[in-house]
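# Survey of secondary and tertiary structure
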Amino acid sequence: MSKILEVNDLSVSFDTYGGDVKAVRGVTFELNEKETLAIVGESGSGKSVTAQSLMRLIPMPPGKFVNGSIIFKGQDLTEKSEKQMEAIRGKEISMIFQDPMTSLNPTMTIGKQISESLIKHQNMSKKDAHERGIELLKLVGIPTPEKRINQYPHEYSGGMRQRAMIAIALACNPKILIADEPTTALDVTIQAQIMDLMKELQEKTGTAILLITHDLGVVANAAHRVAVMYGGKIVETGDVDEIFYNPQHPYTWGLLGSMPKLDNRDEELQAIPGSPPDLADPPKGCPFVTRCPFAMKVCENRMPEYTDVSNTQKAACWLLDERAPKVEIPESARVGGTKVHG
Amino acid sequence: MDNTREKLLEIKNLQKHFNIDRNNVLRAVDGISFDIYKGETFGLVGESGCGKSTAGRTILRLYEATAGEVNFHGENVHAKKSKKELKKFNRSMQMIFQDPYASLNPRMTVKDIIAEGLDIHGLVKSKAERTKRVNELLETVGLNSDHGNRYPHEFSGGQRQRIGIARALAVNPDFIVADEPISALDVSIQAQVVNLLIRLQKERGLTYLFIAHDLSMVKHISDRVGVMYLGSMAEIASSEMLYEEPLHPYTQALLSAIPLPDPEVERSRERIILEGDVPSPINPPSGCRFRTRCPFAMEVCGKVTPESIEHKPEHWVACHLYDDRYNEEYKAKQ
Ligand SMILES: Nc1ncnc2c1ncn2[C@@H]1O[C@H](COP(=O)(O)OP(=O)(O)OP(=O)(O)O)[C@@H](O)[C@H]1O
Ligand SMILES: Nc1ncnc2c1ncn2[C@@H]1O[C@H](COP(=O)(O)OP(=O)(O)OP(=O)(O)O)[C@@H](O)[C@H]1O
Ligand code: SF4
Ligand SMILES: [Mg+2]
Ligand SMILES: [Mg+2]
C-alpha cells in the first residue's frame, strides 16, 4: 500500500467570542491508496475541522493553522494559496457532505455541475463533459441518466442527491475522497446502496476514502482502519478488527459500550457520563480525564504519549504505561457474536 | 401488555396531502391509523420521504390534516380551538426537530433559545430562576452553563441538537414528538440522551412518538414500532416481535440493511439490497405501494391495496402475502 497523504501534528484553532477554541490539537495520521480510514469520535471532537483542513475549507479568520503540516504529493497543503488549492480541490481531493444541499448549487442543473469540474480540471469540451456526466450518473445508479442530467437538485430525492454529489466528487478521479457523515441523513436501505457504491468505486479507481461517521455499524462495514478522536486529539488508532475486538482506550470502550445491541433491549445503555471538554479551555492532561472511570492523578496533569499495541494499533492512555495498574476491557465494550435479524 | 393501558392518542385514517400545483397532489401521509398508549414510546421508522415527519407534524397540528382524526386525551386535535386552548395544547405537546441547523435562531443566545418556552408560558418568576432552569436543562442534555451565552453557530452539529432537546423539555410537556432527535449525535451522547428520555418518561409518565432511521436505537427505546412506506403503514408490532419476526417484505429489507457494529459479522453477512428509489408520492404505484421494489410481488399486488391484517395478536401487517385469498403460491414455496 502506498501512502498518499500524511498529516503531521496538525493543530487548528478558532478565534471566537468565547476564547480561542482549540478544535484540533496535534493530530497525526496517514492515508494509503485504496484504503478507507474511518474517523469516529465525540461530537465536537474535531472530525469535521480535520477533514475541512485537508480541503482548506476552514474559514480563516476566525480559523487558523497553529501548527503542523498536511503533506500531499510532497507538498504542504497548509502553505498553499487559495488559487493553488483550487487546482487541487475537486480534482485531487474531493469531499462529500452530510447534507448534499449545502454543496449542490440549487440554481444549476446536476449535469452542469458535473461538467463544470470536468471542463475546468480536465479541459474537456462541453459535449464530452456532458457525455461523461451521463456515464457518471449511470455509475452511481441514477436511473435514466440522459434525462436526469438536465434536472435541478430539488428534483432529486435525498438518496439521489447524495449519489449525484458522489458523481460530482468522483468526476475527476480524485486520489482522496473525504466523506463527512455521507449517509447520516439517509435511510438505511439507501445507506446500504451508497456504502456498496463507495466500495465498488474504490475497487475500480483506487481512491482513498476518509470516512467520518458516528455510526459504528458503518465503520464495521466499510473501514479498513479507524482513528478515534476525542477532545481534538486522536486517542486511539488501529485496524478495524483491533478497534472492535481489542480496544485499548477507555473512550473507545465507552463508545462501544454505549451502542444499543440489537439483541438486548432492557439493559440501560452504558452512556459515558458528563460532557466533552470545552475546547476553549481544554484540560492540561488527557482530554478524557473528566469522564474516565479509570482516571488517575497523572492523567490530569500530563497528556499520555502513544503506546504501540501492535504494528498497526496505538493508543494514548496512561493505563498502557507499564507502571499503571492492569485494567481489563469492560464487558460492556465487548463486541462479537452479534445476532443478525430479519 | 395488559388491557388496562390507556390510549393517549388515537390516530384514525390520518391523511395529509400537499397541493403541489393545480394538477398535482402529493400524498405525504395517506390514511394511517394507530394508537399511542399513555407512557409508551411508539417508534416510527421508514425510508426518507415516506411521511414520518409529516405524520408527526400533523398529529401536533403543525399541519392541518387533509382527512382523518387525531384524538388526544379523547379530544380531536384538529377540531376548532380558541387561542387559549391552542396555547395550552401547544404546551402539552412538544416537538424535537430533525434539523439542528434550521431550527435554532442564529441571532439568539443558547440561553434565550432554551428559555423561550419558559417565557411564553410564564413558567419562571425571576431572572435568577430562569437562569437556574436553563443551566439545569443544559446540564441535562450534556452541555455546561458556559455554553448558554454563546450562539448556535459556535457549536458542532451534535451540540446544536442537544440545545433543541433542552428547548423542548423546558415546558414539561405530556407528549413529545421526537423527530430524529439523536441522528446527529455521537453515540456516547445518543446513549445519554436516550437514557435521559427513558428516565424522564419513567419519572413523569411522558409519552413519545419517536421518529428515527436508526433501527437499533428505535428498537431499544420503543415499546411498539410502526413501519411506514410511501405514506402508508406497512407493519405495526411490539419492537421484540418486529425484530424477531418481521413480516412485511419491506421491514425485512430494512432490518437486513442495518450495518451491525461487528466487522466479522459485516464481512460475512448477506443483505437484501433493495433496488431503486422510493417512488414519488405524487403518483404512487397502484395497489401495494411497495410492489415496485418488492422481491415477492404478485399480480394482485398491482391491483388491490392491501389492508392491515392482525396476522398474529398485536402484530399488524399490510401485505397480500398474509392474506389467505391471495397467498397460496407463496405459502406453497415456503
Ligand atoms: N467556525 C467555527 N467557529 C468557532 N468554532 C468552531 C467553528 N467550527 C468548528 N468549531 C468548533 O470546533 C470544534 C470541533 O468541531 P467539529 O465540527 O470538527 O466537530 P465534529 O467532530 O465534526 O463534531 P460532530 O460529530 O458534531 O459533527 C467544536 O468545538 C466546534 O464548536
Ligand atoms: N410542506 C410541504 N410541501 C410539500 N411537500 C411536502 C411538504 N412537507 C413534506 N412534503 C413531502 O411529503 C413527503 C413526506 O415528507 P416527510 O418530510 O414527512 O418525510 P420523512 O419520512 O420525514 O422523511 P425523512 O426521513 O427524509 O425526514 C415527501 O415527499 C416530501 O417531499
Ligand atoms: S489517560 Fe487516564 S483519563 Fe485518559 S483515558 Fe487513560 S486512564 Fe482515562
Ligand atoms: Mg462534524
Ligand atoms: Mg423527517
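Structural data are supplied above this passage.
Now for a look at the structure at hand. (Residues numbered from 1 in each chain as written. Chains lettered and ligands numbered in written order. Predicted model: local features only at pLDDT ≥ 70, side-chain atom pairs only at ≥ 80, totals over all residues. Heavy atoms only, no water.)

What follows concerns empty space enclosed by the protein. Here the idea is plain: a probe the size of a water molecule rolls over the atoms and shows the empty space left. Counted by the stated rule, this structure contains six cavities of 30 Å³ or more. Its boundaries defined by the atoms lining it, the largest cavity holds a volume of some 90 Å³. For the largest cavity, the lining is made up of 14 residues, of which A:Pro250, A:Cys286, A:Cys292, A:Cys299 and A:Cys317 are closest to its centre. When grouped by side-chain class, the residues that make up the lining of the largest cavity number 13 nonpolar, one polar and no charged. Taken together, 13 residues make up the lining of the second largest cavity; nearest its centre are B:Cys288, B:Cys294, B:Cys301, B:Cys319 and B:His320. In terms of residue class, the lining of the second largest cavity is made up of 10 nonpolar, two polar and one charged. (1 Å grid on protein atoms, 1.4 Å probe; cavity = no way out; pocket = protein on both sides within 12 Å on 5 of 7 lines; lining within 4 Å. Points joined across faces, edges and corners; volume = space filled by probe spheres on them. Nonpolar A, V, L, I, M, F, W, Y, C, P; charged D, E, K, R; others polar.)

Next up on the list: the site of ligand 2. All names here are of chain B. Close contacts around ligand 2 come from 15 residues, with Ser48, Gly49, Lys52, Ser53 and Thr54 the closest. Contacts to ligand 2 include Cys50, whose backbone N or O atom sits 3.3 Å from an oxygen atom. Thr54 places a polar side-chain atom, nitrogen or oxygen, 2.5 Å from an oxygen atom of ligand 2. Counting residues per element, the ones that place at least two in the shell around ligand 2 are strand E2 (24-37) and helix H1 (52-59). The leading source of residues in the shell around ligand 2 is H1, at three residues. In terms of residue class, the shell around ligand 2 is built from six nonpolar, six polar and three charged. (Near = heavy atom within 4 Å. Polar contact = N/O pair within 3.5 Å; in protein donor to acceptor, adjacent residues only side chain to side chain. Helix = DSSP H or I, 4+ residues; strand = E, 2+ residues; numbered from the N terminus.)

Residues and elements named next belong to chain A. Under the criterion given, the structure shown has 11 aromatic pairs over all chains. Between the aromatic rings of Tyr230 and Tyr251, the centroid separation amounts to 4.7 Å while the plane-to-plane angle is 50 degrees, which identifies the pairing as tilted. Residue Tyr230 is located in strand E9 (residues 225-230), and its partner Tyr251 is located in helix H11 (residues 250-257); the two are separated by 21 residues in the primary sequence. In this structure, Tyr230 and Tyr251 share a single accessibility class: buried. (Phe/Tyr/Trp six-rings, centres within 6.5 Å; stacked < 30°, edge-to-face > 60°. Buried < 20%, exposed > 50% of the residue type's maximum accessible area, 1.4 Å probe, protein only.)

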